Amino acid sequence: MSQKNERTLRILVAKPGLDGHDRGAKIVARALRDAGFEVIYTGLHQTPEMIAAAAVQEDVDGVGLSIMSGAHLTLFPAVVDALKERGASDVTVFGGGIIPQDDIPKLKESGVSQVFLPGATTQSIVDWIRGNVKPRAEVA
Amino acid sequence: MTGKGATVVERVRAGDIRAAARLMRNLDDGIPGARAVLRELFARPGHALVVGLTGPPGAGKSSLTDRLIAYHRKAGRTVGVVAVDPTSPFTGGAILGDRVRMQDHALDPGVFIRSLATRGHLGGLSRATSDVVTVLDSMGKDVILVETVGVGQDEVEIVELAHTVVVVSIPGMGDEVQAIKAGVLEIADVFAVNKADREGADRTVKDLQMMLDLRRTTATRGGLDHDSVHRMTRTGSEDPHEAGWWEPPIVKTVATRDEGMVELAEAVERHRLHLDRTGERKLREVARARATFLTILRDRLMQGALNRLAEEVGHLDELAARIAARSADPYELADELARRL
Ligand SMILES: Nc1nc2c(ncn2[C@@H]2O[C@H](COP(=O)(O)OP(=O)(O)O)[C@@H](O)[C@H]2O)c(=O)[nH]1
Ligand SMILES: [Mg+2]
């Protein structure tokens, strides 16, 4: 009953691009829910603009992207930019998918905070979020 | 957009999406400063019509909401949406997936969609839902659609929040009709029989109609529901029909094919006219105010009582342990505390 000011983390899980299945994204969404986070799930075929708009309306702390199409080098930075454009550059962007090791530094340079490769356990994703995604400030 | 120095209240009233979204978050998280902002917004409300959608999981509430958004946007109205999904009682986490069905409107600046988790609150909504509706109203939205959780049959809170409640059911669920009989019948202003592309839609419509007829017959015999008693008292009428009896329309819809949506929206519109004509809109707003006030009062009193308990009687955990061990009596302890308050 006591009103603790403990903020629940809100994470948007999205699947940008054209590839047609979201099994991975759904597995991650469930793992994040089981870790006690509120997961906003937006489904398939999201454009970076749609993802950013939803992230702002939902006031999420982080955005997790699942990209299997090979278009990660364009989609990840596009989401980071779209968030910036909407004044939400403080949202942490992370993601995973089939991504060559060599591309990871490029992604981090463009503002992506962490990249998980196909072997990553859901627990490692949860742990990383706990350590790196903070509930946002009270003032927008 | 408002300038840099603008207050949160000003920014929200100017429709600033980021300010509104963050305020909703702060309200949801129970941040004290957000209360003060809400108080200011509350003092000068907008003009939104609030429509609730309730019904079992999978009935198509989100899909119908999506189509209703499209309908209102075509008519030039701005729309706010609040969609509530359940929090897991075991982990405290939640998956909020209603937006999946509303992707057509993701980039429409005239549409603001917010997902909320119940966070342990029962009754079909979350504790902050009413506050979030207030924020959307202050943003100047014309219509606010509220999708309830849809689990269980005790989703009565939406009645206190919405001007019009749409109960969504689907064909071929014998048990479902039983559930409707049990409680949802009383809260429906409009019935949508969704998935009417499936077999048995007409049957469901007939079943619902039968139950409504039954209710009307008993009503004339004196077994009146709350609303009609109110109406009769106000108009001094003996006859509930004369006093502005509302017969909930039943509309068949196929949300996924955009069928029946005009009929559904028109049924909601007719109900709005009915509310205005009979003065019932005011009554509903008073009922909402009463519910809001009681919730706040209950929280305050409980908080005060628990503080007092901790200071003067003992720590809650310790008392609970004593009660469990039968060395203390819960009634006696509660009486003792109530005497002190
Ligand atoms: N056949 C059919 N399927 C529908 C209809 N409306 C919604 N659905 C499907 O029913 C499922 C659940 O819909 P959703 O809107 O999420 O239901 P909610 O849980 O009540 O919000 C989805 O797969 C929809 O595509 C309809 O009118 N006919
Ligand atoms: Mg839904």
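Residues numbered from 1 in each chain as written. Chains lettered and ligands numbered in written order. Predicted model: local features only at pLDDT ≥ 70, side-chain atom pairs only at ≥ 80, totals over all residues. Heavy atoms only, no water.

K.L.:
Teacher, can you tell me more about the overall build of chain B here?
P.N.:
What chain B contains, in helices and strands, is 13 helices and 8 strands. Buried residues in chain B amount to 50% of all 341 residues. By sequence separation, contacts in chain B at least 24 residues apart represent 73% of the contacts at least 6 residues apart. Accessible area for chain B stands at about 16,600 Å²; split by element, carbon and sulfur atoms hold 54% of it. (Helix = DSSP H or I, 4+ residues; strand = E, 2+ residues; numbered from the N terminus. Buried < 20%, exposed > 50% of the residue type's maximum accessible area, 1.4 Å probe, protein only. Contact = heavy atoms within 4.5 Å. Areas by Shrake-Rupley, 256 points an atom, 1.4 Å probe, with all protein chains shown as cover.)

K.L.:
Mind showing me how you'd approach the interface of chain A and chain B here?
P.N.:
Interfaces are often described in size by the accessible area the parts lose on coming together. Residue-level contacts link 41 residues of chain A with 36 residues of chain B. Around 3,400 Å² of area is buried between chain A and chain B when both sides are counted, 48% of it from carbon and sulfur atoms. Summed over the shared surface of chain A and chain B, the number is 6 salt bridges. Linking chain A to chain B there are 22 residue pairs in polar contact (both at pLDDT 80 or more). (Buried area = accessible area lost by both parts, 1.4 Å probe. Salt bridge = Lys/Arg side-chain N within 4 Å of Asp/Glu carboxyl O. Polar contact = N/O pair within 3.5 Å; in protein donor to acceptor, adjacent residues only side chain to side chain.)

K.L.:
In this structure, what is going on with the confidence of the model for chain B? I would like to understand it.
P.N.:
Low pLDDT means the predicted coordinates in that region are not meant to be read closely. Across chain B, the average pLDDT comes to 87, with 87% of residues at or above 70. The ipTM, which scores confidence in the relative placement of chains, is 0.93 for this predicted complex, and the corresponding pTM is 0.90. (pLDDT = per-residue confidence, 0-100.)

K.L.:
Is there a simple way to think about the nonpolar core in this case?
P.N.:
Buried together is how nonpolar side chains tend to be arranged in soluble globular proteins. Counting residues in each nonpolar core, the largest one holds 43 residues, and the members touching the most others are Val12(B), Leu23(B), Val135(B), Leu136(B), Val146(B) and Phe191(B). Counting residues per element, this core draws most heavily on helix α2 (residues 17-28) of chain B, at 6 residues. Three or more residues apiece are contributed to this core by two domains, here domain 1 (1-43) and domain 2 (45-278) of chain B. Within the second largest apolar cluster, 29 residues are counted, among which are Val63(A), Val93(A), Ile99(A) and Leu107(A). (Core = buried A, V, L, I, M, F, W, Y, C linked by side-chain atoms within 4.5 Å. Domains from an automatic or database assignment.)

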